[in-house]
Amino acid sequence: MNGWSSLVAFVPVTLVIIFSLIVHPDDKPGLVELVVVVVPMVILFTIWSWRVYLAAMRQVAAIRNGEADKDE
């Protein structure tokens, strides 16, 4: 898994922002825009959280393995 997987959620957000700025520069965001922005942000946060969890578990495993080797 590389860093690009976290950026995938920004693609729809970027397209919506560009569309909004060009087509409707004076409008406030509506429900559709909010959903299109919030859903990718939730996906991004979920991916990020999962990656942080996996990294923490790898560190815990490395610490445990390191301590087990020292005791023997």
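Structure shown above.
The rules behind each value
Residues numbered from 1 in each chain as written. Predicted model: local features only at pLDDT ≥ 70, side-chain atom pairs only at ≥ 80, totals over all residues. Heavy atoms only, no water. Patch = residues over 30% accessible without salt bridge, like charges linked within 9 Å, V, L, I, M, F, W, Y side chains within 5 Å. Areas by Shrake-Rupley, 256 points an atom, 1.4 Å probe, with all protein chains shown as cover. Salt bridge = Lys/Arg side-chain N within 4 Å of Asp/Glu carboxyl O. Helix = DSSP H or I, 4+ residues; strand = E, 2+ residues; numbered from the N terminus. Buried < 20%, exposed > 50% of the residue type's maximum accessible area, 1.4 Å probe, protein only.

1. Section: a nonpolar patch on the surface
A cluster of nonpolar side chains, namely Ile17, Ile18, Phe19, Leu21, Ile22 and Val23, defines an oily patch on the protein surface of about 600 Å² accessible area. Position of Ile22 relative to the elements: it lies in helix 2 (residues 10–23). A relative accessible area of 65% places Ile22 in the exposed class.

2. Remarks on the environment of Ser20
Tracing the sequence through the fold places Ser20 in helix 2. Look at Ser20 and you get partly exposed, because its relative accessible area is 26%. Here the alpha-carbon distance between Ser20 and Glu33, two residues 13 residues apart in the chain, equals 8.7 Å.

All quantities given are derived from atomic positions and should not be read as evidence of function.
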